[in-house]
Amino acid sequence: MEKNMQDALASSVRGFRMPRYGELPDVGLYLEQTTKYVNYVFRPLAGVEITGSMIRNYVKMGLASNPVKKQYGANQIAHLLCVTLLKQGMPLDHISQLFARQKAVYADAVAYDYFCTELENILYFRFGLKDTVDSVGVTSSVEKEMLRSAIVAVSHIIYLNACFEHLKNEEG
């Protein structure tokens, strides 16, 4: 691959950081604010976005809990961030099963923060910003390996989307 394309792809995710659980808005965001927040977080990742109707559908499916007084808190936002990313490469019923397995083993905040760290770890490697994939966390479980595998799969899709977006911009 051309060096300037590699550099452009790397720069698209350089500095990308997922907000950790303790940094998520917990004041309660309305649907439109939640949509904007999630899309803002994923702005550097080509093709990763959510709409208000998607959020409503994910709530109906049980992938995020119902808003309280029409407002979404940190736990719901964490789930929506995960779903928004994972749906790039997994069917929603598999995401639901993955959430159920994670919840049986880890507290939401722990699972979400691991998700964030692992996502950054894998993306930075995939986009050439680091030479190795770090070992993340201290425990070993099937749930952890399933989540890592899902993130690896999604990171490849995000990388391909970024490649196609770069090529489209070069041609246009």
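First things first, this report covers the structure right here in the doc.

### Quick word on the side chain of S141
In this fold, S141 is placed in the loop between α6 (108–126) and α7 (142–171). A distance of 2.8 Å separates polar atoms of two side chains, one belonging to S141 and the other to Y106.

### Thoughts on the packing of aromatic side chains
Inspection of every chain in the model, using the stated rule, returns three aromatic pairs. Ring geometry for Y21 against Y112: centres 6.3 Å apart, planes inclined by 65°, an arrangement best described as edge-to-face. You can see Y21 sitting in the loop between α1 (3–13) and α2 (31–41) and its partner Y112 sitting in helix α6, a full 91 residues away along the chain. Taking relative accessible area as the criterion, Y21 reaches 21% and is therefore assigned partly exposed. Centroid distance F127 to Y159: 5.1 Å. Interplanar angle 75°. Geometry classified as edge-to-face. Highlighted residues: F127 in the loop between α6 and α7 and Y159 in helix α7, separated in sequence by 32 residues.

### Digging into a nonpolar patch on the surface
A cluster of nonpolar residues, L160, F164 and L167, forms a patch on the protein surface that exposes about 290 Å² of accessible area. Positionally, L160 belongs in helix α7. Exposure remark for L160: the relative accessible area of 45% places this residue in the partly exposed category.

Thresholds applied
- Residues numbered from 1 in each chain as written.
- Predicted model: local features only at pLDDT ≥ 70, side-chain atom pairs only at ≥ 80, totals over all residues.
- Heavy atoms only, no water.
- Helix = DSSP H or I, 4+ residues; strand = E, 2+ residues; numbered from the N terminus.
- Polar contact = N/O pair within 3.5 Å; in protein donor to acceptor, adjacent residues only side chain to side chain.
- Phe/Tyr/Trp six-rings, centres within 6.5 Å; stacked < 30°, edge-to-face > 60°.
- Buried < 20%, exposed > 50% of the residue type's maximum accessible area, 1.4 Å probe, protein only.
- Patch = residues over 30% accessible without salt bridge, like charges linked within 9 Å, V, L, I, M, F, W, Y side chains within 5 Å.
- Areas by Shrake-Rupley, 256 points an atom, 1.4 Å probe, with all protein chains shown as cover.
- Salt bridge = Lys/Arg side-chain N within 4 Å of Asp/Glu carboxyl O.

Everything listed here is a matter of geometry and, on its own, says nothing about what the molecule does.
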